[in-house]
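One-letter residues, chain by chain:
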Amino acid sequence: MAAPTPEPQDNFDQFDDDDAEQQQGSEQGFSTSDSGRKRLFSKELRCMMYGFGDDRNPYTESVDFLEDLVIEFITDFTHKAMEVGRTGRVQVEDIIFLVRKDPRKYARVKDLLTMNEELKKARKAFDEVKYAGK
């Protein structure tokens, strides 16, 4: 005997609640998932997914899954960095040490650090001009 199939309307009711929770969370700058955890990167991940060829509005489940992977990566990487060098503290050298064998990550870290230094110099020069003009 086959199990009775639910009414089509019953299947869509569950999504209405999820959308209401997401709207409420996005008004506060973050969204929440079924587990009630804050979704910190959902907006950025949606934009990245679109940039890499996904739909303009990717499935919420896909974004949540990707965010779980990102959070897990950041957490694991931070724990590893805390074990290297001075215990309990993460320093730039620790991150460089961890990515030294991965050429792509190492090059990206180097680029970001170089850009950070250039931005610091530009801000300092801008502030000097700004204060000298007064």
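The model shown is predicted, which means the values in this text are computed figures rather than measured ones. For every chain, the first residue of its written sequence is number 1, and the numbers climb from 1 along that sequence. Owing to the predicted nature of the model, reporting of local features is limited to residues with pLDDT of at least 70; listing and counting of side-chain atom pairs is limited to 80 or more, with chain, interface and lining totals taken over all residues. Think of the side-chain values as coming from all heavy atoms in the structure, minus any hydrogens and water.

### Focus: the overall build of the protein
Part 1 of the argument: Under the DSSP-based scheme used, a helix requires at least four consecutive residues in state H or I and a strand at least two consecutive residues in state E, with every element numbered from the N terminus. Regarding its fold elements, the protein presents 5 helices and 2 strands.
Part 2 of the argument: Pairs of residues are marked as contacts when any of their non-hydrogen atoms sit within 4.5 Å. The contacts in the protein between residues at least 6 apart in sequence include a share of 26% that link residues at least 24 apart.
Part 3 of the argument: A 1.4 Å probe and the Shrake-Rupley method give the accessible areas. Residues count as covered only by the protein chains that appear here. Carbon together with sulfur atoms contributes 56% to the accessible area of the protein, which is approximately 11400 Å² in total.

### Some remarks on the packing of aromatic side chains
Part 1 of the argument: The aromatic pairing rule takes the rings of Phe, Tyr and Trp, using the six-membered ring of Trp, and pairs them if the centres are within 6.5 Å, calling planes under 30 degrees apart stacked, those over 60 edge-to-face and the rest tilted. Considering all chains together, one arrives at 1 aromatic pair under this definition.
Part 2 of the argument: Ring geometry for F73 versus F77: centroids 5.5 Å apart, planes at 25 degrees, classification stacked. In this pair, F73 and F77 are both assigned in helix α3 (residues 60-83), 4 residues apart and thus about one turn of the helix distant.
Part 3 of the argument: Categorising residues by exposure relies on relative accessible area from a 1.4 Å probe, with only protein chains included: less than 20% of the type maximum marks a residue as buried, more than 50% marks it as exposed, and the intermediate range marks it as partly exposed. Assessed through its relative accessible area of 18%, F77 is described here as buried.
Part 4 of the argument: By the criterion adopted, a ring carries a charge over it if an Arg CZ or a Lys NZ lies within 6 Å of its centre and within 35 degrees of its normal. Just above the ring of F97 sits the side chain of R100; from NZ or CZ to the centre is 3.9 Å.

### Quick notes on the packing of helix α4 (residues 92-99) against helix α5 (residues 103-132)
Part 1 of the argument: Axis separation between α4 and α5 bottoms out at 8 Å; the angle between their running directions is 155 degrees. The pairing of α4 with α5 is recorded here as roughly antiparallel in orientation. Considering the relative orientation of α4 and α5, their crossing is left-handed. Between α4, through V92, I95, I96 and V99, and α5, the contact on the second element is made entirely by K105, Y106, V109 and L113. Lines are fitted to the C-alpha atoms to define the axes, a helix being fitted only along its stretch in contact, and any angle between axes, read from their N-to-C directions, falls within 0 to 180 degrees. Every angle not falling under 35 degrees, over 145, or within 65 to 115 is termed oblique; those three ranges are roughly parallel, roughly antiparallel and roughly perpendicular. Crossings are classed by handedness, with left-handed meaning an anticlockwise turn of the near helix from the far one by less than a right angle and right-handed meaning a clockwise turn.

### Things to note about the pattern of salt bridges
Part 1 of the argument: Any carboxyl oxygen of Asp or Glu that lies within 4 Å of a side-chain nitrogen of Lys or Arg is treated as forming a salt bridge with it. Scanning all chains against the criterion turns up 5 salt bridges.
Part 2 of the argument: Between R39 and E67 there is a salt bridge, and its shortest N-O distance comes to 4.0 Å. Taken together, the positions of R39 in strand β2 (residues 38-39) and E67 in helix α3 put the pair 28 residues apart, joining distant regions of the chain. For the pair shown, R39 and E67 are each scored as buried.

These values are about where atoms sit, not about what they do.
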